[in-house]
Amino acid sequence: DTGVSQDPRHKITKRGQNVTFRCDPISEHNRLYWYRQTLGQGPEFLTYFQNEAQLEKSRLLSDRFSAERPKGSFSTLEIQRTEQGDSAMYLCASSKQGVVNEQFFGPGTRLTVL
Amino acid sequence: AQSVSQHNHHVILSEAASLELGCNYSYGGTVNLFWYVQYPGQHLQLLLKYFSGDPLVKGIKGFEAEFIKSKFSFNLRKPSVQWSDTAEYFCAVNTGNTGKLIFGQGTTLQVKP
């Protein structure tokens, strides 16, 4: 049973650098979500895709963040010019389209910006 | 704006004690409700969910939750906790019109053996 996978699991970068994270959803899932979680808080929605279409973006997502899902399979999340406030766990989840929106989460990528 | 509030941030119980974690949401329309659990070192896993029908839902590992529409609540319960229930618990809501989940801030449960 292959679940949602994310790469890398950990990323340490210096302020001002660009980083890119990858998410591979469960193969038959056509919806893919990105969330951000900081210590002591619940996950916070960033954006989601249905197939290759990005259907919603959080207003919290600054212009430095961009996400793609070019062929409707894996997705990438890029953060440009990272800031210390970007340090967080970035979670990816996937689900099947439908009334029952049960999302399955990956292990996350922990980003530390020095 | 939609929001989810979990009343207890940190709960400490002894094994065999009963558990109830509160969750309230703010949204007047149709909602789908979830409880997720995150065990130490593991990723978020679905514990149980409510979409429609019987407001008392049963999940894995003996957990249950009751949807009370008039109170906008979806409290999680377990009659007798075990040390292995030590984890962080998140309540989440999806309003059905969007794909996104709105999470509460989480409750850390520590069960003492």
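Provided above is the structure to which this section pertains.
This text gives an overview of the structure that appears in the document. Counting restarts for each chain, with residues numbered from 1 along the sequence as it is written. Both sets of labels track the order of writing: A upward for chains, 1 upward for ligands. Where totals are concerned, whole chains, interfaces and linings use all residues; where local detail is concerned, this predicted model gives features only for residues with pLDDT of at least 70, and gives and counts side-chain atom pairs only at 80 or more. Hydrogens and water are ignored here; the side-chain numbers use all heavy atoms of the structure.

Further remarks concern the interface of chain B and chain A. Across the contact, 18 residues belong to chain B and 20 residues belong to chain A. Put simply, buried area is how much 1.4 Å-probe accessible surface two parts lose in total, over both of them, once they are put together. Considering only the side of chain B, the residues that lose the most area to chain A are Leu 44, Gly 99 and Lys 100 of chain B, jointly responsible for 29% of the buried surface there. The salt bridge criterion pairs a side-chain nitrogen of Lys or Arg with a carboxyl oxygen of Asp or Glu, the two atoms within 4 Å. Taken together, the connections running from chain B to chain A amount to two salt bridges. For Glu 102 of chain A, the salt bridge is made with Lys 49 of chain B, and the minimal N-O distance between the two is 3.3 Å. Whether two residues touch is decided by their heavy atoms; if any such pair falls within 4.5 Å, the residues are in contact.

All names here are of chain A. Numbering of helices and strands starts at the N terminus; helices are DSSP runs of H or I of at least 4 residues and strands are runs of E of at least 2. Structurally, the position occupied by Arg 81 is in the loop between β8 (75-79) and β9 (88-95). It is 5.1 Å that separates the C-alpha atoms of Arg 81 and Gln 17, two residues lying 64 residues apart in sequence. Apart from residues no more than four positions distant in its own chain, Arg 81 is found in contact with Gly 16, Gln 17, Asn 18 and Arg 64.

Below, the discussion takes up the pattern of salt bridges. Residue and element names in this part refer to chain A. Going through the model one piece at a time under the given rule, you end up with ten salt bridges over all chains. In this structure, Arg 36 engages Glu 44 in a salt bridge whose closest nitrogen and oxygen atoms are separated by 3.6 Å. The salt bridge involving Arg 64 is made with Glu 83; its shortest N-O contact spans 3.4 Å. With Arg 64 in the loop between β6 (53-57) and β7 (65-68) and Glu 83 in the loop between β8 and β9, the pair connects residues that are 19 residues apart, well separated along the chain.

Residue and element names in this part refer to chain A. Strands are labelled as partners when DSSP assigns at least two bridges between them. Strands sit in the order β1-β3-β8-β7 across an open sheet of four strands; the sheet is antiparallel. At either margin of the open sheet sits one strand with a lone partner, and together these are β1 (5-7) and β7. Within the sheet, the average angular offset between the axes of one strand and its neighbour, ignoring direction, is 15°. A fitted line through C-alpha atoms serves as each axis, taken over the contacting stretch for helices, and the angle formed by two N-to-C directions is quoted from 0 to 180°.

Bringing the state of the cysteines into the picture now. All names here are of chain A. Two cysteine sulfur atoms make up a disulfide if the distance between them is within 2.5 Å. The final tally for this structure, using the stated rule, is two disulfides over all chains. Paired through a disulfide, Cys 23 and Cys 92 show a sulfur-sulfur distance of 1.8 Å. What sets the handedness of the Cys 23 and Cys 92 disulfide is the S-S torsion sign, and at about -70° it is left-handed. Here Cys 23 is found in strand β3 (residues 19-24), whereas its partner Cys 92 is found in strand β9, with 69 residues between them in sequence. Among the residues examined, Cys 23 registers a relative accessible area of 0% and is labelled buried. Throughout this description, buried means an accessible area under 20% of the type-specific maximum (1.4 Å probe, protein chains only), exposed means over 50%, and partly exposed covers the range between. Owing to a relative accessible area of 0%, Cys 92 belongs among the buried residues under this scheme.

The next thing to look at is the layout of surface pockets. Considering only enclosed or pocket space, the largest pocket measures out at about 440 Å³ in volume. Mapped onto the lining of the largest pocket, the elements with two or more residues apiece are β5 (44-50) and β6 of chain A together with β1 (3-6) and β11 (102-103) of chain B. Amino acids outside the nonpolar list (Ala, Val, Leu, Ile, Met, Phe, Trp, Tyr, Cys, Pro) and the charged list (Asp, Glu, Lys, Arg) are all regarded as polar, and Gly is one of them. A class-by-class count of the residues in the lining of the largest pocket yields eight nonpolar, seven polar and five charged. When its volume is computed, the second largest pocket comes out at roughly 340 Å³. The wall of the second largest pocket is formed by 19 residues, among which Gln 37, Leu 39 and Arg 110 of chain A together with Gln 38 and Glu 88 of chain B lie closest to the centre. For the lining of the second largest pocket, the secondary structure elements donating two or more residues are β9 and β11 (109-113) of chain A together with β10 (87-94) of chain B. Within the lining of the second largest pocket, the residues separate by chemical class into nine nonpolar, eight polar and two charged. The pocket and cavity definitions rest on a 1 Å grid over protein atoms only: a 1.4 Å probe that fits but cannot leave marks a cavity, an open set with protein on both sides within 12 Å along at least five of seven lines marks a pocket, and residues lining either have an atom within 4 Å of a point. Grid points are joined across faces, edges and corners, and a volume is the space filled by probe spheres set on the points.

All right, on to the packing of aromatic side chains then. Only Phe, Tyr and Trp rings take part, Trp by its six-membered ring, and two of them pair if their centres are within 6.5 Å. Stacked means planes under 30 degrees apart, edge-to-face means over 60, and tilted covers everything else. Going through the model one piece at a time under the given rule, you end up with 18 aromatic pairs over all chains. Relative to Tyr 90 of chain A, the ring of Phe 65 of chain A lies with its centre 6.4 Å away and its plane at 35°, an arrangement referred to as tilted. One end of the pair, Phe 65 of chain A, is in strand β7; the other, Tyr 90 of chain A, is in strand β9, and 25 residues separate them in sequence. The exposure class assigned to Tyr 90 of chain A is buried, which follows from its relative accessible area of 0%. Seen from their ring centres, Tyr 25 of chain B and Phe 72 of chain B are 5.6 Å apart, and the 75° between their planes marks the pair as edge-to-face. Taken together, the positions of Tyr 25 of chain B in strand β4 (residues 23-26) and Phe 72 of chain B in the loop between β8 (64-68) and β9 (73-78) put the pair 47 residues apart, joining distant regions of the chain. For Phe 72 of chain B, a relative accessible area of 35% puts it in the partly exposed group. Ring pairs connect the aromatic residues Tyr 33, Tyr 35, Phe 45, Tyr 48 and Phe 105 of chain A together with Phe 34, Tyr 36, Phe 51, Phe 90 and Phe 103 of chain B, which therefore count as one cluster. Each ring is checked for a lysine NZ or an arginine CZ that lies within 6 Å of its centre and within 35 degrees of its normal; such an atom marks a charge sitting over the ring. Stacked on the ring of Phe 74 of chain A, the Lys or Arg Arg 22 of chain A has its end atom at 3.9 Å from the ring centre.

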